[in-house]
Each structure stands twice: as structure tokens, then as C-alpha cells.
Amino acid sequence: MKELTLIAKLPLANNSHFLRKLWVITSYLKEEVGIRPNLVIVKSEDGKPQLIVMDEVISLYRSVEEIIEIVASKLSYDVSDREFLNKVAGAATYK
């Protein structure tokens, strides 16, 4: 199983919505895609909730579907599994 490190920058207060969103994203990557996500959460200095994946900075204000689609597109270049794109094709419709 491939591993992927996700870095989440969250504000110190009122972050339960973002934590829930991160849980959905990491669960989807693990269960549906077969990627073992390593999640690191740090304090956001500027107060903007962001997710950093393979040098891509993604706003956590985006929907879960959009975030998973961006992560999947970054992974498609790095994964040697020929069926990978079929596995993540449902990312846009996942809720």
C-alpha cells in the first residue's frame, strides 16, 4: 500500500468542521483508493485552513469532492497501479 503525507494547517479555534472534512478525505483515500494517508495537523499562522498535498496548497473551504479530485489528480502521476484512475473516478460523486 502506498503512503501519502497530508499537512493540514488549521486555525486554533472553530476547526471541528475542518477536522470532520479531513477525516472524510483520509478515510476515502484509505478505504476506496488504497492509499495510506499520514495526516499532520499544524497551526495556521494566517488563520486560513489549508491542506498541503505534494506541494499543492488546497483551501479547506472547498468541498470534499473538489479536494479529493485535486488529490487524486496529483496522485495519478505518482501511482503505478493501472486501475488507479478507475478507483478514483468516483471521487467527484463521493459524498
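Source: prediction; values computed, not measured.

Caption draft 1: Region of interest: the side chain of T26. Looking at the secondary structure, you find T26 in helix α1 (residues 16–33). The class for T26 is buried, based on a relative accessible area of 14%. Not counting residues up to four positions away in its chain, the partners in contact with T26 are L6, P37 and L39.

Caption draft 2: The environment of R36, seen in detail. Position of R36 relative to the elements: it lies in strand β2 (residues 35–43). Judged by its relative accessible area of 38%, R36 is partly exposed. Considered as a pair, R36 and T5 are 31 residues apart in the sequence and their alpha carbons are 8.5 Å apart.

Caption draft 3: Region of the structure containing the packing of α1 against helix α2 (residues 64–75). The interhelical angle for the contact between α1 and α2, taken along N-to-C directions, is 40 degrees, at an axis separation of 10 Å. Relative to α2, the element α1 is oriented oblique. Judged by the sense of rotation from one axis to the other, the crossing of α1 with α2 is right-handed. Facing α1, whose interface residues are K21, V24, I25, Y28 and L29, α2 presents V64, I67, I68, V71 and L75. Class assignment for the residues of the contact of α1 with α2 results in nine nonpolar, no polar and one charged.

Caption draft 4: Layout of the pattern of salt bridges. Summed over all chains, the structure comprises one salt bridge. A salt bridge links R36 to E3, with the shortest nitrogen-to-oxygen separation between them at 3.1 Å. Taken together, the residues R36 in strand β2 and E3 in strand β1 (residues 2–10) connect sequence positions 33 residues apart.

Caption draft 5: Up close: the sheet that holds strand β4 (residues 56–59). The strand order across the open sheet formed by four strands is β2-β1-β3-β4, and the pairing between neighbours is mixed. Whereas interior strands pair on both sides, the edge strands pair on one side only; in this sheet they are β2 and β4. On average, adjacent strands in this sheet sit at an angle of 25 degrees to one another, irrespective of strand direction. Bridge analysis of β1 against strand β3 (residues 50–53) gives four bridges, and the strand direction is antiparallel. Paired with A8 across the two strands is L51, which belongs to β3. Taken strand by strand, α1 contacts β1, β2 and β3, and its axis lies near 160 degrees from that of β2. Against the sheet, α2 touches β1, β2, β3 and β4, its axis set at about 170 degrees to β4.

Parameters at a glance
- Residues numbered from 1 in each chain as written.
- Predicted model: local features only at pLDDT ≥ 70, side-chain atom pairs only at ≥ 80, totals over all residues.
- Heavy atoms only, no water.
- Helix = DSSP H or I, 4+ residues; strand = E, 2+ residues; numbered from the N terminus.
- Buried < 20%, exposed > 50% of the residue type's maximum accessible area, 1.4 Å probe, protein only.
- Contact = heavy atoms within 4.5 Å.
- Axes fitted to C-alpha atoms, helices over the stretch in contact; angles between N-to-C directions.
- Parallel < 35°, antiparallel > 145°, perpendicular 65-115°, else oblique.
- Left-handed = near helix turned anticlockwise from the far one by under 90°.
- Nonpolar A, V, L, I, M, F, W, Y, C, P; charged D, E, K, R; others polar.
- Salt bridge = Lys/Arg side-chain N within 4 Å of Asp/Glu carboxyl O.
- Pairing = 2+ DSSP bridges.

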